[in-house]
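# Structural description and commentary
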Amino acid sequence: MANPVSNNHYDVIVIGVGSMGASACYHLAKQGHRVLGLEQFGITHELGSHAGQSRIIRKAYGEATVYVPLLERAYQNWATLEAETETQVFFKTGMVYFGTSDSPFLQTVKQSSKQYNIPLNQLTEEECRKKYPQFHLPPDFERLEEPDAGFLTPERCILLLVQQALFHGTTIKTREKVIHWNYHKGNVTVTTDRDIYQAKKLVVTAGPWAKKLVPKLASKLTVTRQPLAWVQPKKWTAFAMEKFPCWLIRNDDHDFYGFPIVPVGQFGGPLGLKLGMHHPGGEPTDPDKVDRTPRAKDEHALIQFLNEFIPDGYQNTLVMKTCLYTKTEDEHFIVDFLPGYDKDVVFATGFSGHGFKFVSVIGEVLADLINAGSTNFRIDFLRIDRFD
Ligand SMILES: Cc1cc2nc3c(=O)[nH]c(=O)nc-3n(C[C@H](O)[C@H](O)[C@H](O)COP(=O)(O)OP(=O)(O)OC[C@H]3O[C@@H](n4cnc5c(N)ncnc54)[C@H](O)[C@@H]3O)c2cc1C
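On a predicted model such as this, the values are computed, not experimentally measured, just so you know.

This part covers unusual backbone geometry. Geometrically, the link from Gly-269 to Pro-270 is a cis peptide bond, its omega value of -10° lying close to zero. Within the fold, Pro-270 resides in the loop between helix H7 (264-267) and strand S16 (273-279). A positive phi angle, close to 65°, is found at Glu-331, a residue other than glycine. Inspection of the secondary structure puts Glu-331 in the loop between strand S18 (316-327) and strand S19 (334-337).

So this is what it looks like as structure tokens:
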């Protein structure tokens, strides 16, 4: 397939080189395609969905058991990237899940573990208090522990994927915004604010901007602003990586999650104990007009949560940031061909705040769809026509 006609002609153009686009470029280039990746900002930036030092990766999946085979492959692909680049991106800290036993999320965590033999420990109140004294939980909460979970370093993952894509011959253009694209009989034309490019196939991985580039997605996606905080705990060492796991607590309709404190010498900033709120959803926003000023009410909700469930976790706030979710109605991703384009246009979006752990496999799936028009991975539940 690699047969350049002129400098602006490619086999595949990838619009958006953030999380999923970096992985698509990597997998397509490894398979010998002549790839152009177009990114409106830089390779890693704070204006989309991937910034902020860490992303949880877990396999006993509470969102739906059907994701587990994809996760198994994602773990393998992260390990391959680590081996190829001799760089660690996955840090196995273990993860705890706490909530009432009637929580559908916790039920599905247990179901995923059972169905796919994923190690999961059910801790008694006493065991949990001994092992994780940092948490103060109501007696009726279930206490689950997934030892093989941990976190990924998103900026480093993306940089390594792009580095490897470049190594395999991909062209990456940064600070170049795609204004529009069109398709005519097997030819894609992409117009940016600097140039015009052509290709046989197109991949759209534009994250929060996807609905601006693909009008068919407009009614299916909502972009929300999600607050994150890094705080100084009362006892710094009690929350260090060796002692404190990744965690998720579901209380009523609220989901909070967090990480251990990571050494900034190894991981870079921000400094402190990181946590965020997953539910209820953040405020809808336009990705080009996001108000990134921290809101007092968001900070208050995070502090109130820490005071109740992790009382030694809060002394004062060090950093607050705003990140973007791109949510679908059912909070499952959309990974599919764009209907009406002869399987020449594929897209992946709507990762609804839980997509990063899948980055390493979604790139492979997109490359399969481009190469063969199909994939052996089960992605039927991610089709766009489920919303029709
Ligand atoms: C606060 C927060 C916490 C999260 N925590 C977790 C977690 O713990 N675990 C987990 O698995 N997931 C987590 N996620 C979700 C995960 O980070 C996202 O699902 C994932 O990063 C989405 O990737 P993406 O490629 O769709 O978007 P992005 O990474 O934002 O990439 C889209 C890219 O497209 C570019 N682009 C868009 N339009 C254009 C254009 N017109 N021209 C050129 N370039 C363009 C953008 O600039 C951007 O770089 C979290 C997300 C947030 C916001």
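The discussion continues.
In this description, a pair of aromatic rings is defined by centroid distance and the angle of the planes. If you walk through the whole model with that rule in mind, you get 26 aromatic pairs. Their ring planes at 20° and their centres at 6.1 Å tell us that Phe-141 and Phe-309 sit as a pair that is stacked. In this pair, Phe-141 is assigned in strand S7 (residues 141-146) and Phe-309 in helix H8 (residues 296-309), connecting sequence segments 168 residues apart. Both residues of the pair, Phe-141 and Phe-309, belong to the buried class. Consider the rings of Phe-151 and Phe-267, whose centres lie 5.7 Å apart with planes at 55°: the pair is tilted. Of the two residues, Phe-151 sits in strand S8 (residues 150-152) while Phe-267 sits in helix H7, which places them 116 residues apart along the sequence.

The next thing to look at is the nonpolar core. Counting 79 residues, the largest nonpolar core has Tyr-67, Leu-70, Trp-78, Val-203, Val-335 and Phe-358 as the members making the most contacts within it. Among the elements that line this core, the one with the most residues is helix H9 (residues 359-372), at eight residues. Among the domains, domain 1 (9-50 + 155-217 + 330-387) and domain 2 (93-150 + 222-327) are the pair contributing at least three residues each to this core. The residues contacting Trp-78, other than those within four sequence positions of it, are Ile-57, Val-89, Leu-152, Cys-157, Leu-161, Phe-356, Lys-357, Val-359 and Ser-360. If you look at the next biggest cluster of nonpolar residues, it comprises 28 residues, including Tyr-132, Ala-229, Leu-306 and Phe-309.

With that settled, the discussion passes to a nonpolar patch on the surface. Where nonpolar side chains cluster on the molecular surface, the patch consists of Trp-236, Val-264, Leu-271 and Leu-318 and spans about 320 Å² of accessible area. Position of Leu-271 relative to the elements: it lies in the loop between H7 and S16.

Attention now goes to the side chain of His-278. As for its position among the elements, His-278 is in strand S16. Judged by relative accessible area, His-278 falls into the buried class, the value being 12%. In this structure the side chain of His-278 is engaged in a polar contact, spanning 2.7 Å, whose partner is the side chain of Tyr-325. If we skip the residues at most four places from it in the chain, His-278 touches Gln-226, Asp-255, Tyr-257, Tyr-325, Glu-331, Ser-352 and Gly-353.

On to the domain arrangement of the chain. When the parts of a complex come together, some accessible area is lost, and that lost area is often taken as the interface size. Partitioning the chain into domains gives domain 1 (9-50 + 155-217 + 330-387) and domain 2 (93-150 + 222-327). For domain 1 versus domain 2, the distance between C-alpha centres works out to 30 Å. Counting residues at the interface gives 18 residues for domain 1 and 17 residues for domain 2. Between domain 1 and domain 2 lies a buried interface of about 1,300 Å² when both sides are counted; carbon and sulfur atoms form 44% of it. Ranking the residues of domain 1 by area buried against domain 2 places Pro-208, Lys-212 and Glu-331 at the top, with a combined share of 30%. Between domain 1 and domain 2 we count five salt bridges in total. When the shortest N-O distance is used, the salt bridge between Glu-331 and Lys-327 registers 3.9 Å. Here the side of domain 1 that touches domain 2 is composed, by residue class, of four nonpolar, eight polar and six charged.

Turning our attention to the confidence of the model for the chain. A residue-level look at the chain finds 98% of positions with pLDDT of 70 or above and a mean pLDDT of 96. Throughout residues 1-5 the model reports pLDDT below 50, and contacts reaching past four residues in sequence, or to other chains, amount to eight contacts.

With that settled, consider the pairing of strand S1 (residues 9-15). Burial of S1 is extensive: six of the seven residues sit out of reach of the surface. Note: S1 against strand S12 (residues 196-204), six bridges, orientation parallel. Along S12, the bridge assignment pairs His-9 with Gln-198. Here S1 runs beside strand S2 (residues 35-38); their pairing, made up of four bridges, is parallel. When the bridges of S2 are listed, Val-14 appears paired with Gly-37. Between the parallel elements S1 and S2, the chain passes through helix H1 (residues 19-30) in a crossover that is right-handed.

Parameters at a glance
- Residues numbered from 1 in each chain as written.
- Predicted model: local features only at pLDDT ≥ 70, side-chain atom pairs only at ≥ 80, totals over all residues.
- Heavy atoms only, no water.
- Helix = DSSP H or I, 4+ residues; strand = E, 2+ residues; numbered from the N terminus.
- Phe/Tyr/Trp six-rings, centres within 6.5 Å; stacked < 30°, edge-to-face > 60°.
- Buried < 20%, exposed > 50% of the residue type's maximum accessible area, 1.4 Å probe, protein only.
- Core = buried A, V, L, I, M, F, W, Y, C linked by side-chain atoms within 4.5 Å.
- Domains from an automatic or database assignment.
- Contact = heavy atoms within 4.5 Å.
- Patch = residues over 30% accessible without salt bridge, like charges linked within 9 Å, V, L, I, M, F, W, Y side chains within 5 Å.
- Areas by Shrake-Rupley, 256 points an atom, 1.4 Å probe, with all protein chains shown as cover.
- Salt bridge = Lys/Arg side-chain N within 4 Å of Asp/Glu carboxyl O.
- Polar contact = N/O pair within 3.5 Å; in protein donor to acceptor, adjacent residues only side chain to side chain.
- Buried area = accessible area lost by both parts, 1.4 Å probe.
- Nonpolar A, V, L, I, M, F, W, Y, C, P; charged D, E, K, R; others polar.
- pLDDT = per-residue confidence, 0-100.
- Pairing = 2+ DSSP bridges.
- Right-handed = clockwise from strand over helix to strand, strands pointing away.

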